[in-house]
Amino acid sequence: MDNPNQEPGADDWQIAKEGTLAATSAASDIVLDTAKEATHFKLVGKTAYNSNGSKVGNTQLVCAREIKVYELKDIDINLTAPTSADGTNADATTSETGTVESAGDISESPATITGVVVKNKNELDLAHPVTVTSTTGDKLDITGENNKDDSVLIQFQIKLKELPSETDSVIVAKGDQYKIAYKRQTWNNQTIYRIKFWVTGPDSLGDARWKEVGCNFTDATYLNKWITVTAMYDGTTATKLWINGTSKSDGWNSNTAYGNRNAGAAIVHKEANVTIGDSTINGYIKDLKIYSGLGSSVTGNQTNYSALVSALSDSANATKVFDLSATPAVTPAYTLATTWNTETKQDPETHLDKNTYTETVTVNPATNASIVTAPEAVTVNIDENTGNNKVIPVSEDTVLENGTAKVKYVFEDMLRGGSLRMITANGETDYTKTSMRFGYDFKLPADTTFDSCAWYYGTTANDLRLSLTPGANTKKIENPTATKQGYIRSNIVFTNIAKANFDRNIFARVLVKYTKDGKTYSKMGAYVDQNSVSSIAEKIKYSGSETEKNYVNELTKTD
């Protein structure tokens, strides 16, 4: 839609893909294997099926879940241009990097985590139970005895994809000390689900040894969405449970006192690790944090959830004993393979060998992926200084083949040579300064037209930070000599170079752009070319005409 905020009409929709799903209630994948540009999308179920697999009408009973939309991304190809005829060509690179799945505890004196399956950033798959083992004492042993502070607060986000099938499915637990779990119970022929938090006291308290609080979880509005769970035992009187910041206590709620604070309160299971997840849970957990040593700024704000959570950020109010950090494994979207071809031809005018280097980069997509649009540009390191990198069009049409793409870029020795241009004033030659010209001759690929030239230049070979980009105003000579029919000649001229700078080199690299069927392409000079007024003058003294020799003799004469 031209206006993406406008509701599409019937005539605005285009079919991206259609087909027939299997006659089953099990999930089926629908994958678009060709990228489509769109502002809206929809899935339309056209028919339904009964249990025998036959069509039963136009009732749209198809439903969708886990719809994923991907943005078409640029393919990042970095090339290093040759710098000299005897230099080594470099492979193409990309910033597309992969990472290895990892998870850990980033709190102080971190615990060890094993059995992890990472779903996303700081997010674990609950169906794969995780074991957390304290490596310093037993910092996870929070509830305790012998005057030990037995307060605890656990906070995380959780997304349940379906209600658990078992009676007790652990979310987070340290033995029987403290536990958060999904509970399933049948009551009056009705199945009830709850999420429950409890801590366990000594056997001597009998039926009063549990402090617990639960929240009814049967409502399907809790499914397939992230909810924030906060559970706290304040160490003295109460267990508290908040769902999305709202206090809950509508199921299995018991806050019978253990007895006096710090008088043999909870059972200590020193060998018990913390467990995260249960194979019976279909869901995910993220941003899990466990706190102990809760101060009054936390325990005293049980009716003010925002203030309670805010107080946790201050270590004076709570000790963070566990903080989940998880990074999913990332596979690069593609990899690159590079081949170089060097071709040497003799310049028809100077009879010097000229090299052309063609770099072919094959872009291979990751497993189960394909490339749908070939790259039209590459990034070239022109002078070993990444700060001067240039993004330029490719040299030839890119090719798509079996889900891969091929990109070609050409580095060609186009330098014809250097020359000097007299500067005159009032009809007299000014020998205090001169202009220096770099000349370039090149041919264009078949069926293309000249676009423009650009030059990158500087006073050192590895810092071509300056540029001349005349664009459509680029001056050129077609068929410059009898021996160079089909060639184009274009120059860059450095004007008014003072005598004090005659010995200083100027370095330059040329870029030639051309078009075909409305698309722009380019090729680049094979090397960083260099010249100085003095070096050109010496060549003229050796092989120039008498007029040229006289000019450079006067120009380079010392006082």
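Structural notes, computed from the coordinates. (Residues numbered from 1 in each chain as written. Predicted model: local features only at pLDDT ≥ 70, side-chain atom pairs only at ≥ 80, totals over all residues. Heavy atoms only, no water.)

1. Quick notes on the layout of surface pockets
- Space inside the second largest pocket adds up to approximately 750 Å³.
- Taken together, 26 residues form the lining of the second largest pocket, with Arg-416, Gly-417, Gly-418, Ser-419 and Ile-536 sitting closest to its centre.
- Secondary structure elements with two or more residues in the lining of the second largest pocket: strand 25 (415–421), strand 28 (433–442), strand 32 (488–498), strand 35 (529–531), helix 3 (533–543) and helix 4 (546–556).
- Top contributing element to the lining of the second largest pocket by residue count: strand 25, with six residues.
- Tallied by class, the residues present in the lining of the second largest pocket amount to nine nonpolar, 10 polar and seven charged. (1 Å grid on protein atoms, 1.4 Å probe; cavity = no way out; pocket = protein on both sides within 12 Å on 5 of 7 lines; lining within 4 Å. Points joined across faces, edges and corners; volume = space filled by probe spheres on them. Helix = DSSP H or I, 4+ residues; strand = E, 2+ residues; numbered from the N terminus. Nonpolar A, V, L, I, M, F, W, Y, C, P; charged D, E, K, R; others polar.)

2. Remarks on the sheet that holds strand 31 (residues 477–478)
- Across the sheet, four strands lie side by side as 25-28-32-31; this open sheet has antiparallel pairing. Only two strands of the sheet have a single partner each, and these edge strands are strand 25 and strand 31.
- As defined by bridge partners, strand 28 adjoins strand 32 across nine bridges and the pair is classed as antiparallel. If you follow Lys-433 over to strand 32, its bridge partner there is Ala-498. (Pairing = 2+ DSSP bridges.)

3. Re the sheet that holds strand 1 (residues 78–80)
- What the three strands build is an open sheet, ordered 1-21-22; its pairing is mixed. Edge strands, defined here as strands with exactly one partner in the open sheet, are strand 1 and strand 22 (390–393). Looking at each pair of strands side by side, their axes are set apart by 40 degrees on average, direction ignored.
- Pairing between strand 1 and strand 21 (residues 377–381): three bridges, direction parallel. Across the sheet, the residue bridging to Asn-78 is Thr-379, located in strand 21. (Axes fitted to C-alpha atoms, helices over the stretch in contact; angles between N-to-C directions.)

4. Describing the pairing of strand 10 (residues 190–200)
- Burial analysis of strand 10 places nine of its 11 residues in the buried class, the great majority of the element.
- One ladder, built from 10 bridges, connects strand 9 (residues 178–187) with strand 10; its direction is antiparallel. Looking at the pairing, Tyr-178 lines up with Val-199 of strand 10.
- From the end of strand 9 to the start of strand 10, which pair antiparallel, there are two residues, and Asn-188 there has a positive phi angle of about 50 degrees.
- With seven bridges connecting them, strand 10 and strand 11 (residues 210–216) associate as antiparallel partners. (Buried < 20%, exposed > 50% of the residue type's maximum accessible area, 1.4 Å probe, protein only.)

5. A closer look at the environment of Asp-383
- Of note, Asp-383 is situated in the loop between strand 21 and strand 22.
- Taking the C-alpha atoms as reference, Asp-383 lies 8.9 Å from Arg-509; in sequence the two are 126 residues apart.
- With near-sequence residues (within four places) excluded, Asp-383 lies in contact with Asn-388, Ala-461, Asn-462, Asp-463 and Leu-464.
- A distance of 2.9 Å separates a polar atom in the side chain of Asp-383 from the backbone nitrogen of Asn-385.
- One polar contact links the side chain of Asp-383 to the main-chain amide nitrogen of Leu-464, over a distance of 2.6 Å. (Contact = heavy atoms within 4.5 Å. Polar contact = N/O pair within 3.5 Å; in protein donor to acceptor, adjacent residues only side chain to side chain.)

6. A look at helix 4
- Taken together, the buried positions of helix 4 are occupied by Tyr-551, Val-552 and Leu-555. Mapping the buried residues of helix 4 onto a view down its axis gives an arc of 90 degrees, with all of them on the same face.
- On its buried face, helix 4 is in contact with strand 25, strand 27 (428–429), strand 28 and helix 3. (Arc of directions from axis to C-beta.)

7. Digging into the nonpolar core
- Ranked by size, the top nonpolar core spans 57 residues in total, and within it Ile-77, Val-378, Val-380, Leu-420, Tyr-440 and Met-524 carry the most contacts.
- Ranked by the residues each element gives to this core, the list is headed by strand 33 (residues 506–516), at seven residues.
- Residues in contact with Leu-420, not counting those within four places in the same chain, are Thr-434, Ser-435, Met-436, Val-533, Ile-536, Ala-537, Ile-540, Tyr-551, Val-552 and Leu-555.
- Membership of the second largest hydrophobic core comes to 45 residues, among which are Leu-140, Leu-160, Val-199 and Ile-227. (Core = buried A, V, L, I, M, F, W, Y, C linked by side-chain atoms within 4.5 Å.)

8. Quick notes on the environment of Ala-90
- Looking at where Ala-90 falls in the secondary structure, it is placed in the loop between strand 1 and strand 2 (102–105).
- According to the relative accessible area criterion, Ala-90 is partly exposed, its value standing at 26%.
- Residue contacts for Ala-90: discarding those within four places in its chain leaves Thr-80, Thr-338, Trp-340 and Glu-359.

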